[in-house]
Amino acid sequence: LKPFWPRLYAQIRRHSASLRAICIRNIHRLSKMKLDMITLASVFVAITHAVKMTKEDAATMASCESYTCATGWHPKSDFNSITPAAGSDMNAECCEATCSVWTCGPNYLPNQEYASNVGASDQVCCDRTCMDDYQCPVNHTTRGPEARGASVEECCGPTCRIFTCEDGWLEEPSVAKKLGETSEACCAASCSFFNCSAVPGYVQNPAALHLKGNDTATCCNTQCFLLTCPAKFQIPEELNETVGNLSSCCAPTCAQFTCPSGYVSASSKTTDFGNSTSECCLATCTTYTCLGDWANSTDAGKLRSTNLTDEACCEPSCQVFTCSAGYVAKEGVSADAGNSDSVCCDATCSVHTCSSGLRKRNETIFNNTIGDTDAICCEPSGCEVFDNRTLPQVEGCNSLSEDACESRYMLFTRLATGDNRTNTTFAVPCQWWGAKGMPICRNTGAALVGCTVSL
């Protein structure tokens, strides 16, 4: 096929009048070459394409009548009488441009209504714009470069300064100089337009209806369930849908309450609502009053107990304790807890042991004296001479009879002198001098200091 194909195509182009004979002749040759059907079909398609091109070329050479203008172009009014020269631009020769292919220049805008018009200039294909510097009357302003026009009526409009906001719309000073003739352009929406109930947890705030706003924070009241309470505070269930703030919605729980002295926090009430001792705390034995023969314990373990009974909180009192021999009940402790001599009793001199050189004071006077020291319970050895003696009611021993003399003693005081700033009292036993040949009672016994009789 390759050796004769270029020649076949050239013959078709040059001799269109004898096209049929050429085709038949060459097809006959091809069939003799025993080509398959696919190859034959391809040859016929090629021949048909060549024939079509030949016809179009012939029509073009004849006139514009059969020419189809490019997109955006219309045939010229006399297109059917125009015969373009060979090799010329058919579109330019046969057609005219419409506004659809024109690009508007500065200060002009395209208009789709002009798209099918024949033209190629801003004046024909475009609308003039108003521009930003258009001079408008007082309280009016230009509609801007996006507006089409060339007159005051077309290019100017009223400013928001002369627009009256009403029916829930509020004055908006920031747009006073801007172009506007509607509430949306010139006014600010009040909270009366905002639907608080569209947002769960919010309700209309009547006090905000005349305020500028378009959000829940400005226009709505918050229901308690939306709030997050501080630590150790919670919202009571009955307040969930109540309008309020943290102060009114959040109630303290016992977790934040500090129990006073004598009470401990009730662990079972930590998450309960409460803000008082009675609501949040349990009393300990510290607050319990023991009565009768019971006294409040001083044991720290017992005092922490919350089992408020005598057995748990109390101990036997000194009132029921019997002091040991040589001890006497201590004053002022009968209601105190105690179960020993050291707590409930005071030692008497009868259980005291005097130091060397001292002896117990006269037992008939001092045995039940409360004390446990030498100073209280003891006197110098030698003071026994005064045991069972009594102080006479007369001055001196001289007036005493023999029977009375040995049972009496005298006291005298040495006044302070020199460095001795303390008076000293001496006890002197009376002595009968009958053995000396003198029947008379004299105060000539040994003078002793510190004996019980001189105190």
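From a predicted model like this one, the values you see are computed outputs, not experimental measurements. Just so you know, the residues in each chain are numbered from 1, in the order the chain's sequence is written. Note on the predicted model: pLDDT of at least 70 is required for a residue's local features to be given, and 80 or more for side-chain atom pairs to be given and counted; whole-chain, interface and lining totals, by contrast, use all residues. The side-chain values count all of the structure's non-hydrogen atoms but skip hydrogen atoms and water molecules.

1. A word on the overall build of the protein
Looking only at helices and strands, the protein has 16 helices and 24 strands in total. Contact between two residues is taken to exist if any of their heavy atoms lie within 4.5 Å; hydrogens are not considered. Nonlocal contacts in the protein, meaning residues at least 24 apart in sequence, comprise 26% of its contacts between residues at least 6 apart. Carbon and sulfur atoms form 53% of the exposed surface of the protein, whose accessible area is close to 27,900 Å². Here a helix means four or more residues in a row that DSSP labels H or I, a strand means two or more in a row labelled E, and each is numbered from the N terminus. Exposure was quantified through the Shrake-Rupley algorithm and a 1.4 Å probe, taking into account, for residues, occlusion by the shown protein chains and nothing else.

2. With respect to the side chain of Thr348
As for its placement among the helices and strands, Thr348 is situated in the loop between strand E18 (345–347) and strand E19 (358–360). Between buried and exposed lies partly exposed: a residue is buried under 20% and exposed over 50% of the maximum accessible area for its type, with that area taken using a 1.4 Å probe on protein chains only. Under the relative-accessibility criterion, Thr348 is labelled buried at 1%.

3. Digging into the environment of Gly274
One can find Gly274 in the loop between strand E13 (263–265) and helix H10 (277–280). Placed 20 residues apart in sequence, Gly274 and Cys254 show a C-alpha to C-alpha distance of 5.0 Å. What Gly274 contacts, discounting residues up to four positions off in sequence, is Pro252, Thr253, Cys254, Gln256, Glu279 and Cys280.

4. Some thoughts on the packing of aromatic side chains
Put simply, two rings from Phe, Tyr or Trp (the six-membered ring, in Trp's case) pair if the centres are within 6.5 Å, and we call them stacked under 30 degrees between planes, edge-to-face over 60, tilted for the rest. Applying the stated rule across the entire model yields three aromatic pairs. A ring pair is formed by Trp169 and Phe193, whose centres lie 4.9 Å apart and whose planes are at 45 degrees; its orientation type is tilted. Placement of the pair is Trp169 in strand E7 (residues 169–171) and Phe193 in the loop between strand E8 (187–189) and strand E9 (202–204), with a sequence separation of 24 residues. Between the aromatic rings of Phe386 and Tyr409, the centroid separation amounts to 5.4 Å while the plane-to-plane angle is 75 degrees, which identifies the pairing as edge-to-face. Placement of the pair is Phe386 in the loop between strand E20 (378–380) and helix H16 (402–405) and Tyr409 in strand E21 (residues 409–414), with a sequence separation of 23 residues. When sorted by exposure, Phe386 lands in the same class as Tyr409, which is buried. Sitting above the plane of the Trp433 ring, Lys436 keeps its charged end 4.1 Å from the centroid. Cation placement over rings: the criterion is NZ of Lys or CZ of Arg within 6 Å of the ring centroid and within 35° of the ring normal. Looking at Arg442, its charged tip hangs above the ring of Trp433, at a distance of 4.9 Å from the centre.

5. Quick notes on the environment of Phe426
Among the structural elements, Phe426 can be located in strand E22 (residues 424–429). Phe426 has contacts with Met410, Leu411, Phe412, Arg414, Ala447, Leu448 and Val449, leaving out every residue within four places of it along the chain.

6. Regarding the nonpolar core
Each nonpolar core is a collection of buried residues, namely Ala, Val, Leu, Ile, Met, Phe, Trp, Tyr and Cys, held together in the definition by side-chain atoms within 4.5 Å. If you look at the biggest cluster of nonpolar residues, it comprises seven residues: Cys397, Leu400, Ala404, Cys405, Met410, Cys430 and Cys441. Sequence-distant contacts of Cys397, that is, excluding residues within four places in its chain, are made with Met410, Cys430, Cys441, Arg442 and Asn443.

7. What to know about unusual backbone geometry
With a phi angle near 65 degrees, Asn139 is a residue other than glycine that sits in the positive phi range. Residue Asn139 is classed as partly exposed on the basis of its relative accessible area, which comes to 30%. A positive phi angle is found at Asp167, which is not glycine, with a value near 55 degrees. Assignment of secondary structure puts Asp167 in the loop between strand E6 (156–158) and E7. Accessibility expressed as a relative area gives 67% for Asp167, which makes it exposed.

8. Regarding the state of the cysteines
Cysteine sulfur atoms are paired as a disulfide whenever they come within 2.5 Å of each other. For the coordinates displayed, the defined rule picks out 23 disulfides. Between the sulfur of Cys290 and that of Cys314 lies a disulfide, 1.8 Å long from S to S. Taking the sign of the torsion about the S-S bond as the criterion, the disulfide between Cys290 and Cys314, at about -90 degrees, is left-handed. Linking Cys290 in the loop between strand E14 (281–283) and strand E15 (294–296) with Cys314 in strand E16 (residues 314–316), this pair joins segments that are 24 residues apart in sequence. Cys314 carries the same exposure label as Cys290, and that label is buried. Here Cys397 pairs with Cys430 through a disulfide, and the sulfurs are 1.9 Å apart. Looking along the S-S bond of the Cys397-Cys430 disulfide, the torsion reads about -65 degrees, which is the left-handed sense.

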